[in-house]
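Residues per chain are reported as follows:
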Amino acid sequence: MYKGGKIIASLILFVAFLSIPFFYNMGKVNAGPENLQASISQLDGQQCVESADYMRSNHMQLLNKWRQSDVRDGKTVYVNSQGKSFDISLQSCLECHATQATKNTVGVNNPALKTSDQFCVSCHNYASVKPTCWSCHAGPEGAPK
Amino acid sequence: MKALLSFLAVIILILVATFGGSVENLHFLFGIIIPYLAFVMFVGGFVYRIIKWGRSPVPFRIPTTIGQQKSLPWIKQNKIENPTSTLGVIVRMAMEVFFFRSLFRNTKTELTQGAKGPIISHGSAKWLWLGSLFFHWSFLIIIIRHLRFFLEPVPVFVQLFDSIDGILQIGLPPIYLTDLFFLVAVTFLLVRRFVVPQLRYISLPADFFPLFLIMSIAISGMLMRYFYRIDIVAVKQLALGLAQLHPVLPEGIGAIFYVHLFLISSLFAYFPLSKLMHMGGIFMSPTRNMISNSRMVRHINPWDHEVEVHTYAQYEDEFREKMKKAGIPVEKE
Amino acid sequence: MAKPEKIKTPKPGEIASSIDFKSPATDWMDTPTEIKPGNFCWGAKEKDLLTLGLPNPRQWSPLDDDWKLPEGWKSTILDGLSDRLSKYRSFKIFMDICVRCGACADKCHFYIGSGDPKNMPVLRAELIRSVYKKYFTASGKFLGRLAGARELDEDVLKEWWSYFFQCTECRRCSVFCPYGIDQAEVTIIGRELLNLVGLNIDWIAGPAAACYMKGNHLGLEPHAIKGNIESMCDDIEDLTGIRVDPSFNRKGADILFITPSGDLLGDPGIFTNMGYLMLFHELGLNYTWSTYASEGGNFGFFTSNDMAKRLNYKIYAEAKRLGVKWIIGGECGHMWRVLNQYMDTWNGPADFLEVPKSPITGTVFENARSTKMVHITEFTADLIKHGKIKLDPSRNDHLKVTYHDSCNTSRGMGLLEEPRYIIKASCNNFYEMPENTIREKTFCCGSGSGLNASENMEQRMRGGLARANAVKYVQDKHGVNVLANICAVDRAAFPALMDYWCPGVGVYGTHELLANALVMTGEKERVTDLRGDDLPGKEGNE
């Protein structure tokens with residue numbers, strides 16, 4: 001094979017490159033984001049503002065809507081699809097989505113948000129999505145911007 | 001007609017995938033078996049094709065010289081387009097692979113009838129170059145971005161691509177620049193095959209099919225991200241499972257995801273069978289990857305063989321008398 | 001068999017207005033090939049194929065329905081195709097990776113001049129690619145036409161013959177192809193396949209047979225070569241008062257000089273040849289001509305790889321026999337593609353020669369250290385740079401010069417600056433043609449690769465239109481009246497092309513221009529140039 005060595009070497013490199021994901025994750029457990037259930041399961045209705053399915057796919061839309069109503073339109077109450085009302089506030093989220101120990105300390109220095117075993121951060125890190133919440137909200141110290 | 005057939009083929013693929021995505025029992029097939037199969041076909045087929053090419057030798061040193069040769073020391077050699085060193089070839093190949101150097105040269109020939117006869121002009125034509133460049137680079141960046149589904153923890157460089165790509169921060173989730181470029185570029189590449197008469201004439205179904213397929217992959221991906229949102233965490237669990245060789249099938253991933261995945265699998269499987277192999281072929285093209293030193297170093301042809309020749313002795317035998325008469329020296333008097 | 005008849009070439013205006021770049025209504029696979037007078041060359045003659053020992057020698061005419069193909073021609077072609085796929089990586093890759101992006105389409109001079117879509121390089125390659133797909137790929141076998149595949153039949157073979165002899169192997173498409181797909185390579189192999197069943201053209205097989213037996217394409221026998229050159233010496237003596245005395249087949253010379261035989265016969269080639277003679281004489285160069293290796297060009301290259309090697313053999317064989325140190329090659333296009341990229345591989349190593357070193361300047365031609373063969377413009381440019389020859393460019397002041405890069409020396413070698421350097425030193429009025437038509441993007445004369453016959457004149461005028469049009473541009477803009485070149489085929493083909501598209505432009509070899517300007521030791525005052533035209537300021541002196 002003319003220049004066979006180079007061809008084989010390039011092919012090995014090519015295949016090695018393609019198999020990066022296999023080696024990178026080798027031996028790790030595919031557990032998904034930690035603490036996915038968080039404290040939501042401790043609630044009576046076991047439901048967030050909307051259904052879990054809806055929230056998983058569309059929470060960013062909802063938060064966007066909340067921002068719009070609260071900041072621009074001055075509406076501070078959200079009525080969900082089942083007619084239930086919620087205060088439009090980050091606080092409403094943290095009611096559930098924070099460990100008991102750190103509840104109600106948002107905005108100052110909430111360790112719940114900066115460690116990876118907590119709700120927002122763990123999922124967002126897992127999917128590699130950076131929320132823009134903290135570009136306006138005074139984030140907890142060290143929270144990802 | 002050719003385009004229509006290719007379009008229908010892609011529609012059938014989409015229908016098959018929609019069916020597969022909506023029947024729970026088929027998820028194992030569409031989410032796990034087919035992607036694995038496609039990956040194996042891609043890697044295996046790609047390697048097979050390259051080796052098959054490699055088994056044919058390169059009998060002659062035939063670079064296309066696109067610049068001044070190396071000759072006298074005071075004449076400036078074009079060290080890249082007429083390279084006499086390995087480095088020159090590497091730079092030349094890099095220019096071709098990363099920046100489509102040859103396509104950048106493209107001109108458009110136009111013939112007009114002037115008062116004193118025809119006038120042929122060769123104007124610059126960079127659209128094909130631009131479209132292809134955007135298409136290929138966007139495709140590459142999109143693939144790199146997708147690594148976030150296959151790697152845990154997600155490496156910094158993947159995050160970096162992601163944040164740069166979404167730098168406009170328009171919409172939620174923010175729109176990726178590459179998504180826009182990609183869609184525009186693939187549309188351009190498709191439309192030119194319809195509107196440029198010469199191109200329409202030379203295009204085969206095999207030219208339309210990959211374009212339709214790639215376009216449908218892009219559209220299904222964008223629908224998922226911007227319109228019919230799906231559970232990203234579940235998608236990552238599936239993808240990661242595949243990469244860890246411990247496949248899992250999380251519940252509640254929308255059917256559209258299965259369409260996206262099936263179309264990609266189709267592209268992967270189709271790749272080595274098709275002209276898409278130009279991805280590997282460009283590296284092996286003898287007119288581009290050879291050092292232009294044929295007068296400096298002898299190139300060996302492995303299948304070189306003896307040929308019948310007409311020797312000087314035979315020649316002199318025929319013309320000896322005439323040569324002697326003309327005063328031309330001969331070997332045998 | 002149909003008899004050759006006088007073929008009328010249409011007027012320039014008729015050709016120009018007939019080009020419309022509109023594709024036929026039918027798909028190219030369904031569009032029959034028209035073997036049209038004026039657009040093809042006569043088939044190879046029986047006697048020439050016999051001389052060369054090539055397959056299927058017979059009398060035939062492309063105008064007949066029956067081309068007298070040999071028994072089992074189809075398997076001969078398919079086996080030949082399979083053989084070449086395993087021998088040429090270039091061919092195999094070019095068959096597989098074309099994406100039909102169309103970048104090459106309007107780069108071909110034959111497409112520009114004819115508007116025939118099958119002259120787009122991509123489609124010309126597709127003629128053979130479609131057959132490759134049918135018999136050598138899974139998709140073609142199963143999907144057939146859907147995959148762009150088709151059966152090989154007699155019509156397909158005729159189509160190949162028509163279009164592979166409408167490609168001059170100029171490589172211009174390869175410059176623009178993003179993968180470097182080279183239609184020249186496809187045409188070379190296409191022609192090899194056609195030759196397996198005896199489908200060559202007369203204008204190639206004839207010169208190749210002559211070259212094989214007599215040493216040169218023109219079939220000049222040894223005494224005729226000497227006679228021709230000596231009569232050039234007479235003309236030189238009339239012009240300069242100096243007697244040039246070249247030697248032939250002389251052992252003990254330092255240098256063997258080989259030029260295309262086109263320079264030995266006929267206007268304007270002989271003027272270039274006189275230029276070589278005058279230059280070498282002025283230098284006192286210890287060199288010799290050979291009557292055996294009296295051809296630099298290689299029409300075997302337009303037949304098959306083997307045939308090219310058989311003709312090329314003579315160069316090194318003669319250099320060895322005469323015991324020279326190295327070789328200088330004259331002005332020629334495809335000759336230099338062969339010498340540069342093939343000769344050493346075929347007939348080397350030339351270890352009996354020395355690395356070329358100019359005896360005048362001492363310059364060692366490192367770039368030719370393996371082939372030991374130097375292009376004459378490299379040799380001469382070096383002389384001028386070192387001030388070893390005296391030039392009076394004002395003697396060319398009556399000429400307004402532009403320069404045509406030969407396809408093969410530009411895209412198969414990269415010889416771009418050397419001839420320009422010589423021309424600029426020899427002429428005061430030099431004008432480049434437009435950027436996209438020169439150097440590596442140069443346009444073919446339309447008659448290369450063995451197509452400069454007379455029966456295909458219409459095709460040649462169409463093929464040369466792009467080149468001629470660029471000449472016309474500088475003719476209109478600067479009053480250019482000289483098209484300089486470094487190619488014997490150019491010198492043979494351009495006069496007709498210039499008369500047709502831009503009358504008033506003469507065709508000159510680079511060394512003719514040099515010889516006009518060359519001030520020779522002891523020469524008498526010149527009153528005319530080599531052609532007998534009055535020198536500027538010397539009008540009416542005779």
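You'll find the structure just up there.
The structure reproduced in this document is the subject of the present report. Given the structure is predicted, the values throughout are model-derived calculations rather than measurements. (Residues numbered from 1 in each chain as written. Chains lettered and ligands numbered in written order. Predicted model: local features only at pLDDT ≥ 70, side-chain atom pairs only at ≥ 80, totals over all residues.)

So, about the overall build of chain B. What chain B contains, in helices and strands, is 14 helices and two strands. Taken over the C-alpha trace, chain B has a radius of gyration of 28 Å; the compact-globule value for 333 residues is 20 Å, which it surpasses by more than 25%. When its C-alpha atoms are laid out on the principal axes, chain B stretches across 100 × 60 × 45 Å. Here chain B, with 333 residues, has 42% of them falling under the buried criterion. Contacts spanning at least 24 positions in sequence make up 64% of the contacts within chain B whose residues lie at least 6 apart. (Helix = DSSP H or I, 4+ residues; strand = E, 2+ residues; numbered from the N terminus. Rg over C-alpha atoms; globule rule 2.2 N^0.38 Å. Buried ≥ 20, exposed ≤ 12 C-beta atoms within 10 Å, placed from the backbone. Contact = placed C-beta atoms within 7 Å.)

Glancing now at the overall build of chain A. Scanning chain A from N- to C-terminus turns up six helices and two strands. Counting the 145 residues in chain A, one finds 13% classified as buried. Once local pairs closer than 6 in sequence are excluded, the contacts in chain A between residues at least 24 apart make up 40%.

Contacts between chain C and chain B engage 92 residues on the former and 82 residues on the latter. Here the side of chain C that touches chain B gets seven residues from one element, more than from any other, and that element is helix α14 (residues 305–322) of chain C. Partitioning the side of chain C that touches chain B into residue classes produces 40 nonpolar, 26 polar and 26 charged. (Nonpolar A, V, L, I, M, F, W, Y, C, P; charged D, E, K, R; others polar.)

What follows deals with the nonpolar core. Residue and element names in this part refer to chain C. Ranked by internal contacts, the top residues of the largest apolar core, which has 251 residues, are Ala 208, Ile 327, Val 401, Val 471 and Met 498. No fewer than three residues from each of domain 1 (13–200) and domain 2 (208–517) sit in this core. Filtering out sequence-adjacent residues up to four positions away, Val 471 remains in contact with Thr 402, Met 433, Val 480, Leu 483, Met 498, Cys 502 and Val 505. (Core = buried A, V, L, I, M, F, W, Y, C linked by C-beta atoms within 7 Å. Domains from an automatic or database assignment.)

Moving on, we come to the environment of Asp534(C). Within the element layout of this structure, Asp534(C) appears in the segment after α23 (510–517). Along the primary structure Asp534(C) and His398(C) are separated by 136 residues, whereas in three dimensions their C-alpha atoms are 8.7 Å apart.

Looking now at the packing of helix α5 (residues 127–146) of chain B against helix α6 (residues 156–165) of chain B. Residues and elements named next belong to chain B. In the contact formed by α5 and α6, the axes pass within 8 Å of each other and the chain directions differ by 125 degrees. By the criterion of interaxial angle, the relationship of α5 to α6 is oblique. The interaxial crossing formed by α5 with α6 has left-handed handedness. Contact residues: Ile 141, Ile 144 and Arg 145 in α5; Val 158, Phe 161, Asp 162 and Asp 165 in α6. (Axes fitted to C-alpha atoms, helices over the stretch in contact; angles between N-to-C directions. Parallel < 35°, antiparallel > 145°, perpendicular 65-115°, else oblique. Left-handed = near helix turned anticlockwise from the far one by under 90°.)

Moving on, we come to the sheet that holds strand β5 (residues 401–403) of chain C. Residue and element names in this part refer to chain C. Read from one edge to the other, the open sheet built from three strands follows the order β5-β6-β7, with strand pairing classed as parallel. With partners counted over all chains shown, the strands left at the sheet margins are β5 and β7 (506–509), one partner each. Each strand axis lies, on average, 35 degrees off the axis of its neighbour in the sheet, ignoring direction. Bridge count for β5 against strand β6 (residues 482–485) is three bridges, and the pairing is parallel. Across the sheet, residue Tyr 403 finds its bridge partner in β6, namely Ala 484. Packed on one face of the sheet, α23 meets β5, β6 and β7 and runs near 80 degrees to β7. (Pairing = 2+ DSSP bridges.)

This paragraph deals with the pairing of β6(C). All names here are of chain C. Because side chains alternate across β6, one face comprises the buried residues Val 482 and Ala 484, and the other comprises Leu 483 and Asn 485, equally buried. Relative to β7, β6 is paired through four bridges, and the arrangement is parallel. Its bridge partner being in β7, Ala 484 is matched across the sheet by Tyr 508.

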